[in-house]
Protein chains: 2
Amino acid sequence: MGDTSTLFELVAGGTPRPGQGGTGSVDQGLDEVVAWFRGHEDLEARFGSIFRQSLDEVLDGQRTGRFDIAGLAKTEKTYLGTKVEIVTRAGFELHYGAKMDYEVAGHEIDAKFSITGTWAIPTEAMGHLCLLMSADDHKSAFDVGVIRIRPEVLNRGRNKDGKTTITKQARGSIVWLARNASLPRNLLLSLPQSTVDRIRSAGSGQQRINELLRCVQGCPIDRNTAVTVAQQKDGLKRCRDARRHLRKEGIAVLGHQNDSPKIASALGLPVPEKGTFLSIRLVKVADDTDGRPVVEISGDHYAVSRPGEPVEPVPDIRY
Amino acid sequence: MGDTSTLFELVAGGTPRPGQGGTGSVDQGLDEVVAWFRGHEDLEARFGSIFRQSLDEVLDGQRTGRFDIAGLAKTEKTYLGTKVEIVTRAGFELHYGAKMDYEVAGHEIDAKFSITGTWAIPTEAMGHLCLLMSADDHKSAFDVGVIRIRPEVLNRGRNKDGKTTITKQARGSIVWLARNASLPRNLLLSLPQSTVDRIRSAGSGQQRINELLRCVQGCPIDRNTAVTVAQQKDGLKRCRDARRHLRKEGIAVLGHQNDSPKIASALGLPVPEKGTFLSIRLVKVADDTDGRPVVEISGDHYAVSRPGEPVEPVPDIRY
């Protein structure tokens, strides 16, 4: 605690630390932890998939059909922090600290997740480093930062669990590992409510998947979206089966195998990764069509249909 | 509340209801809910897999290596009840009730899970039916029962959340859907601590799986056990790869495909289901061997080795 009180005196003595969030401070532990994380080239992507995975697991869309954490029970929101702590530990292969959640670069560090970014700091964290994490699924954004917990960074009031929050001022001294970084999109959350309602009220799991593929064209549909809509483990199979149902409507459901990637690529569409699907309405066009991407399938040329173009059955695609 | 007070008077008036756990009562709602559940032929197996799945998901062995709920944090233990509620709803395709967790056969019913079987009953449950569930992973056993919550079945004291417990006497009036039923085994929990330590300290994920397959022979190793030991998603691949590592030690790792089922069956061993493995040390025996099950592999006869029999490489098995 000697270190803590010294710094407290400095601050009390009118020598505020610069709040630029840089690492140019005297806190070697903080610097080393920050450097350790920044040593990961895929740092943002790794945290992004950690938060996506944690949110999806607690939502448990396959069983509950939920895709918005606003619908979580209080116990589930509390547990979300624990899940993030676990998934982060596994995602970076971190060891447990002796007192705190992790040991990183030889330093103890506590994991704190908050949906809103108002982290609840426990008394035990005093003097320790905290990995501050928050994720906003509606904005598809997340923040990760590191701070040393000292008396002067905390608000005075404590809740019944003895926890308090970081002062507005001290937020400026958080060293950010990721700021407003890109959280992998929650597709269903990005749809208008009317579309979600249409999908939900379509009937069976297969019919809901069919409706999803009618409503959401041209952008990849991930596994979690499929199992949440189908409310079945085999949501991906339902997407494959939808090919047969949507054939007459001219809607092709591209996957990651056989001719699918080639077709997506030729049409200038994102190529579906394994476990994702891309729904698209095709229209037959003249062989000498110009000005729009076309692809040859079974001897004919096809383009992504525009509104008003005729509906034709999907040609035979080696999916 | 009229109904409740009437019954309370009856009890207070010295006319206790029989506590035999039968359904021969005047409670039609309870009878109908019990009948609805009992209408499922696979009722016990279904609840068993619901509890196994819930425990395994909260333990999250793949990420944490944990297999004993004693090691869960408080938030995780609380969440376990929510997980059971969700998995039960999905497992029986139940609808939400207007006030309680489920609607079953037209009646509201609240889900209550307790590791210890001391269910915490909230005030809101008064007058309603409760689905009481508990699972003991150490004993591989679970209980499921239904009770109507009335003032006289509850203890007087309440905890800070306003919850209380069912009286010892009233436990006799629980209608059991499953009593001391068989919870799918938690393999790692059933091993001696020394064996667990040996597996854990074996080194890499592959080495830990190899050690598991050395230590646990003749009984199926399920997917969750494999991912918990490997602490990797591809725990099953590690089991397949172990064949190569354990070949010289005479240990065959049977799966569910090709010649594996035939070999397991001929040797009188359980035939591995999909996603499970069976480890066994084989020894070459004379063609006219009698008194022990043998199987012919590549022209030679093999039996399950007994202690002291020579170690020979595993023959070529079409796994």
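Rules behind the numbers
Residues numbered from 1 in each chain as written. Chains lettered and ligands numbered in written order. Predicted model: local features only at pLDDT ≥ 70, side-chain atom pairs only at ≥ 80, totals over all residues. Heavy atoms only, no water. Pairing = 2+ DSSP bridges. Helix = DSSP H or I, 4+ residues; strand = E, 2+ residues; numbered from the N terminus. Axes fitted to C-alpha atoms, helices over the stretch in contact; angles between N-to-C directions. Core = buried A, V, L, I, M, F, W, Y, C linked by side-chain atoms within 4.5 Å. Buried < 20%, exposed > 50% of the residue type's maximum accessible area, 1.4 Å probe, protein only. Contact = heavy atoms within 4.5 Å. Least-squares fit on C-alpha atoms with pLDDT ≥ 70 in both. UniProt positions renumbered as here; feature names shortened; annotations may be inferred.

Looking at an unreviewed UniProt entry, one finds chain A named NaeI family type II restriction endonuclease, with Amycolatopsis pigmentata as its source organism.

Draft legend 1. Fine view of the sheet that holds strand S4 (residues 141–148) of chain A. Residues and elements named next belong to chain A. Here we have five strands laid out as an open sheet, ordered S1-S2-S3-S4-S5, and mixed in their pairing. Each edge of the open sheet is held by one strand with a lone partner, namely strand S1 (102–104) and strand S5 (175–182). With direction set aside, neighbouring strand axes in the sheet form an average angle of 25°. With five bridges joining them, S4 and S5 adopt antiparallel strand pairing. Within the sheet, the bridge partner assigned to Gly 145 lies in S5 and is Trp 176.

Draft legend 2. Structural detail: the nonpolar core. By size, the foremost hydrophobic cluster in this structure holds 72 residues, and its most contacted members are Phe 47, Phe 51 and Leu 131 of chain A together with Phe 47, Phe 51 and Leu 131 of chain B. Setting aside chain neighbours within four positions, we find Leu 131 of chain B in contact with Phe 37, Phe 47, Thr 88, Tyr 102, Ile 109, Asp 110, Ala 111, Lys 112, Val 144, Gly 145, Val 146 and Leu 177 of chain B.

Draft legend 3. How the structure looks around the relation of the copies chain B and chain A. Placing chain B over chain A gives an RMSD of 0.0 Å and needs a rotation angle of 180°, together with 0.0 Å of translation along the axis. One copy is carried onto the other by what is essentially a two-fold rotation axis. Minimal C-alpha separation from the rotation axis in chain B is found for Tyr 79 of chain B, amounting to 3.2 Å.

Draft legend 4. Quick look at the sheet that holds strand S1 (residues 102–104) of chain B. All names here are of chain B. Spatially, S1-S2-S3-S4-S5 is the arrangement adopted by the five strands of the open sheet, whose pairing is mixed. Either end of the sheet is taken by a strand with one partner, and the two such strands are S1 and strand S5 (175–182). Between one strand and the next, the sheet's axes are offset by a mean angle of 25°, whatever the strand orientation. Of the pairings in the sheet, the one linking strand S3 (residues 129–136) to strand S4 (residues 141–148) comprises eight bridges and is antiparallel in character. Within S4, the position partnered with Leu 129 by the bridge is Arg 148. Taken strand by strand, helix H2 (residues 28–38) contacts S1, strand S2 (107–113), S3, S4 and S5, and its axis lies near 35° from that of S5.

Draft legend 5. Looking closely at the UniProt feature "domain: Type II restriction enzyme NaeI" (unreviewed entry) in chain A. Feature annotation in UniProt assigns "domain: Type II restriction enzyme NaeI" (unreviewed entry) to the following positions: residues 45–313 of chain A. Segment residues 45–313 of chain A splits into 32% helix and 20% strand. End C-alpha atoms: 39 Å apart.

Draft legend 6. Expanded view of the pairing of strand S6 (residues 251–254) of chain B. Residue and element names in this part refer to chain B. Along S6, one buried face is formed by Ile 251 and Val 253 and the opposite face, lined by Ala 252 and Leu 254, is buried too. The sheet contact formed by S6 and strand S7 (residues 278–285) spans four bridges and is antiparallel. Looking at S7, one finds that Ile 251 is bridged to Arg 281.

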